[in-house]
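Examination of the molecular architecture
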Amino acid sequence: MIDQQLFHGYATLILIIYVIYDLIRNRKKEHSLLRRFVFYSFIYYMINVIKLTLLPIMFIPFTVSVQLVPFYFVIDSLNSGYIATAYLQNIILLLPLGVYLPLLFQRLRNLKLTIFVAFLTSTSIETIQLIKGLTIGSHRTFNVDDIILNTSGAILGYFIFKIIFVILKKFNLSILDKFDVRT
């Protein structure tokens, strides 16, 4: 079994080593330190997304669960009077992605591209979970609702980025220059 904590520990250690190396290598360059630290936090966020969605890897009897009907579990839980925290967690999971993408990558300051990358990320996670279930066994399922909720979370994150951008612009804060954010 590949444990979540083991992966998290090694991945974080590798990130710390990379951060130290990058800071030493680029100490005399004119790169924005704030921008680099935001990028490092993005990598750490992605480590945690992998930890939460793809791990642990357990070699168990093959179990495959596929739910392809949009909003099936959501409607079913609402009808039963139970709103699962899993739905909120799925929205929150990729919400930071919706902030990071336009902040770090100028090309992704377009809502459609951010939605596409978020959809692709969520679909990749669900597909890997399905492949795990078909090959080594997994307690995870492929659920189209997860894709919808994850993508919705990233869209929400994108709008949070836009709101923050408007507020920072209104107060003419120079932090926007560090990220090359312009109108």
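These notes cover the structure that comes with them. Nothing here was measured: the structure is a model prediction, and the numbers come from that model.

What counts as what
- Note on numbering: residues in each chain are counted from 1, in written sequence order.
- Reporting of local features is limited, given that this is a predicted model, to residues whose pLDDT is at least 70; pairs of side-chain atoms are given and counted only at 80 or more, and all residues count toward the totals for whole chains, interfaces and linings.
- Here the side-chain values reflect all heavy atoms present in the structure, with hydrogen atoms and water set aside.
- As used in this record, nonpolar core signifies buried Ala, Val, Leu, Ile, Met, Phe, Trp, Tyr and Cys residues forming a set joined through side-chain atoms within 4.5 Å.
- In this scheme, a residue with accessible area under 20% of its type's maximum is buried, one over 50% is exposed, and one in between is partly exposed, where area comes from a 1.4 Å probe on protein chains only.
- Numbering goes from the N terminus for both helices and strands, where a helix is a DSSP run of H or I of at least four residues and a strand is a run of E of at least two.
- Working rule for contacts: check all heavy atoms of both residues, and any pair within 4.5 Å makes them a contact.
- In the sections that follow, a salt bridge refers to a side-chain nitrogen of Lys or Arg positioned within 4 Å of a carboxyl oxygen of Asp or Glu.
- All axes here are fitted lines through C-alpha atoms, helices being fitted over the stretch that makes contact, and every angle between N-to-C directions spans 0 to 180 degrees.
- What sets the label is the angle itself: under 35 degrees gives roughly parallel, over 145 gives roughly antiparallel, 65 to 115 gives roughly perpendicular, and the rest give oblique.
- Each crossing gets its handedness from the near helix: less than a right angle anticlockwise from the far helix is left-handed, clockwise is right-handed.
- Between rings of Phe, Tyr and Trp, where Trp is taken as its six-membered ring, a pair exists when centres lie within 6.5 Å; planes separated by under 30 degrees are stacked, by over 60 edge-to-face, and by other angles tilted.
- Helices are assigned an expected span. That span is 1.5 Å times one less than the residue count.
- Pairs of N or O atoms within 3.5 Å make up the polar contacts considered here, provided that, within protein, one atom can donate a hydrogen while the other can accept it, and that residues adjacent in sequence are counted only when both atoms are side-chain atoms.

1. Things to note about the nonpolar core
Ranked by size, the top nonpolar core spans 17 residues in total, and within it Phe42, Tyr45, Leu94, Leu97 and Tyr100 carry the most contacts. Contributing elements (two or more residues each) for this core: α2 (33-54), α4 (85-104), α5 (111-135) and α6 (144-170). Considering each element in turn, this core owes the most residues, seven residues, to α4. If we ignore the near neighbours within four places in the chain, the residues touching Leu94 are Tyr45, Ala118, Thr121, Ser122, Asn150, Gly153 and Ala154.

2. Digging into the pattern of salt bridges
Between side chains of opposite charge, a pair can form when the charged atoms approach closely. The tally for this structure, following the rule as stated, stands at two salt bridges. Across the salt bridge formed by Arg25 and Asp22, the nearest N and O atoms sit 3.7 Å from each other. With a gap of three residues between them, Arg25 and Asp22 both fall in helix α1 (residues 4-25), about one helical turn apart. We note a salt bridge from Arg36 to Asp22, for which the minimum N-O separation is 3.3 Å.

3. As for the packing of α4 against α5
It is at 10 Å that the axes of α4 and α5 come closest, and there the two elements cross at 140°. What the angle tells us is that α4 and α5 run oblique. In terms of crossing hand, the pair formed by α4 and α5 is right-handed. Facing Leu94, Leu97, Gly98, Leu101 and Pro102 of α4, the residues of α5 in contact are Thr114, Val117, Ala118, Thr121 and Ser122.

4. Here's the deal with the packing of aromatic side chains
The final tally for this structure, using the stated rule, is nine aromatic pairs. When the centroid spacing of 6.3 Å and the interplanar angle of 85° are considered together, the rings of Tyr18 and Tyr40 count as edge-to-face. Of the two residues, Tyr18 sits in helix α1 while Tyr40 sits in helix α2, which places them 22 residues apart along the sequence. For Tyr18, a relative accessible area of 36% translates into the label partly exposed. Tyr40 sits in the buried class, given a relative accessible area of 5%. Here Tyr158 and Phe159 contribute two aromatic rings whose centre-to-centre distance is 5.8 Å and whose plane-to-plane angle is 80°, an arrangement assigned as edge-to-face. One aromatic cluster is present, formed by Phe39, Phe42, Tyr45, Tyr100 and Phe105 through successive ring pairs.

5. Examining the packing of α1 against α2
Packing of α1 against α2 brings their axes to within 10 Å, and their N-to-C directions diverge by 165°. Classified by the angle between their axes, α1 and α2 sit roughly antiparallel to one another. Helix-helix and strand crossings are classified by hand; for α1 and α2 the assignment is right-handed. Contacts between α1 and α2 involve Gln4, Gln5, Phe7, His8, Ala11, Thr12, Leu15, Tyr18, Val19, Asp22 and Leu23 from the former and Leu33, Arg36, Phe37, Tyr40, Ile43, Tyr44, Ile47, Asn48, Ile50, Lys51 and Leu52 from the latter.

6. Remarks on α5
For α5, with 25 residues, the first-to-last C-alpha span of 36 Å sits near the 36 Å given by 1.5 Å per residue. Within the span of α5, buried status applies to Thr114, Ala118, Thr121, Ser122, Ile125, Glu126, Gln129, Lys132 and Gly133. Tucked into the core, α5 has its buried residues touching α2, α4, β2 (142-143) and α6. Among the residues of α5, the N-terminal cap falls to Asn110, whose side-chain oxygen and the backbone nitrogen of Lys112 are separated by 2.7 Å. Once α5 ends, the next one or two residues include Gly137, with phi positive near 90°.

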